[in-house]
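Observations on chain architecture
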Amino acid sequence: MRNILSLTKEEAEEIITSWGYPRYQASNLFKWLYTKRSRDFSSMTDLPKSLRERLSGEFRIEYPRVLQVSEAKDGTKKYLLSLEDGEAVESVWIPERGHTTFCLSTQVGCRMGCRFCATATMGLRRNLYWWEIVGQVLRLLEGTEGRVNIVLMGMGEPLDNWENVSRAIGILKDWMGFSPRRITLSTVGLLPILRRALEEFPNLRVAVSLNFPDDERRTKFMPVNKKYPVGEIIKTLKELPISRRERATVEYVLFKGLNDSLRDAEALALLLKGTKVKINLIPYNENQAFPWKRPPDEMVEEFASALRRKGYSVFVRYSKGNEIKAACGQLRTSWGKGSQPQGN
Ligand code: SAH
């Protein structure tokens, strides 16, 4: 039986009208599935009983299954979720002051090949379908109260799967009450698709993972830089309308001895002159796949102060959920497809 969450609105309309019911019943169905998050056709009391019965004879309502939840001392929870073909992804539930942040995956693995990121070591196994991205939200919303923000910063490169990511954002926006301004898309900088994404959702928040202030180092650690180099990224940021620029974030992962000196801070400040972005500094989360180290907190603070003195708005993202390997760049799984579940 097919998962009803895999139907687009148009497909639902087609099926429902072919069964002889009016088109608007598809909207009713979507309201039950996504707005009220109903798990049971029989509870959809404003659909005709015969329609409910037919739907439950042909479809199931299936969220990604929870294989494992690990909870860190700070309350961060990492979910390992299984998909219908046995692949699995990780999503992170992060309690913050006054709201909850969901960190979602957009691909199983990733093909960007960044030489510090655990997900990259898997390669790209497949894209997530849009309903699997929405499914992570449906699953994480269970037991969540209050306001939720979404960051597309889990496994995968969202702009390498834009078709599904954009559909997912559409459902979140149209049916689940998520304004795109509460959704942050983080990218290595696939610039043409980034421009398209902002045309489609002008209020979407974007974060660009710059990480190194020059092409030489950035290319070494982020091979995508050969195609979309630092200068092009800066140019694109400068071309954004000012209101969007103020909302855009530049992410800079700090690696001990690689890009964390005060000279690097100055190079970064100079590079970003005229862009009007916020800077997120992320002290590197060490993982077994790579030898890189996190700088001491004092270095991180000095780096941040140097940028602040130049007038930038800087936020240091001391990662949550580090001990459960839920922090940035640590998400990785190889569940399913003949492989054994393993630690990260
Ligand atoms: N592919 C997207 C989103 C996923 S990665 C992107 O690159 O932006 C989200 C962020 O985590 C990126 O800024 C990335 O540079 C950073 N990151 C990756 N590995 C990390 C690690 N081990 N420690 C800290 N940040 C890491």
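The structure displayed is predicted, hence computed values, not measured ones.

Once that is clear, we can look at the site of the ligand. Around the ligand sit 20 residues in total, of which Ser 186, Ser 209, Asn 211, Tyr 284 and Asn 285 are the nearest. Ser 209 is positioned such that a nitrogen or oxygen atom in its side chain is 2.6 Å from an oxygen atom of the ligand. Asn 211 is positioned with one of its side-chain polar atoms (N or O) 3.0 Å from an oxygen atom of the ligand. Surface burial for the ligand is 96%, taken as the share of its 530 Å² of free accessible area covered by protein chains. For the shell around the ligand, a count of residues per class yields 9 nonpolar, 9 polar and 2 charged.

Here the focus is the layout of surface pockets. In this structure, the second largest pocket occupies an estimated 230 Å³ of space. Elements supplying a minimum of two residues to the lining of the second largest pocket: helix 1 (9-18) and helix 5 (162-175). The dominant element in the lining of the second largest pocket, judged by the number of residues it contributes, is helix 5, at 8 residues. When the residues that make up the lining of the second largest pocket are grouped by side-chain class, the tally is 5 nonpolar, 3 polar and 7 charged. Looking at the lining of the second largest pocket, you find at least three residues from each of domain 1 (2-60) and domain 2 (94-323).

Attention shifts here to unusual backbone geometry. Of note in the backbone geometry, Asn 211 takes a positive phi value of approximately 70 degrees without being a glycine. Here Asn 211 is to be found in the loop between strand 11 (205-209) and helix 7 (215-221). Positive phi, normally seen in glycine, also occurs at Lys 276, with a value near 60 degrees. If you trace the backbone, Lys 276 turns up in the loop between helix 10 (262-271) and strand 13 (278-283).

What follows concerns helix 5. The end-to-end C-alpha distance of helix 5 is 19 Å, a good match for the 20 Å that 14 residues give at a rise of 1.5 Å each. For helix 5, the buried fraction is high: 10 of the 14 residues fall into the buried class. Within the span of helix 5, buried status applies to Trp 162, Asn 164, Val 165, Ser 166, Ala 168, Ile 169, Gly 170, Ile 171, Leu 172 and Trp 175. Next to the buried residues of helix 5 lie helix 1, helix 2 (24-35), helix 4 (130-141), strand 9 (148-152), strand 10 (183-187) and helix 6 (191-200). Positive phi appears at Gly 177, one or two residues downstream of helix 5, with a value of about 75 degrees.

So, how was this worked out
- Residues numbered from 1 in each chain as written.
- Predicted model: local features only at pLDDT ≥ 70, side-chain atom pairs only at ≥ 80, totals over all residues.
- Heavy atoms only, no water.
- Near = heavy atom within 4 Å.
- Polar contact = N/O pair within 3.5 Å; in protein donor to acceptor, adjacent residues only side chain to side chain.
- Areas by Shrake-Rupley, 256 points an atom, 1.4 Å probe, with all protein chains shown as cover.
- Nonpolar A, V, L, I, M, F, W, Y, C, P; charged D, E, K, R; others polar.
- 1 Å grid on protein atoms, 1.4 Å probe; cavity = no way out; pocket = protein on both sides within 12 Å on 5 of 7 lines; lining within 4 Å.
- Points joined across faces, edges and corners; volume = space filled by probe spheres on them.
- Helix = DSSP H or I, 4+ residues; strand = E, 2+ residues; numbered from the N terminus.
- Domains from an automatic or database assignment.
- Expected span 1.5 Å × (residues − 1).
- Buried < 20%, exposed > 50% of the residue type's maximum accessible area, 1.4 Å probe, protein only.
- Contact = heavy atoms within 4.5 Å.

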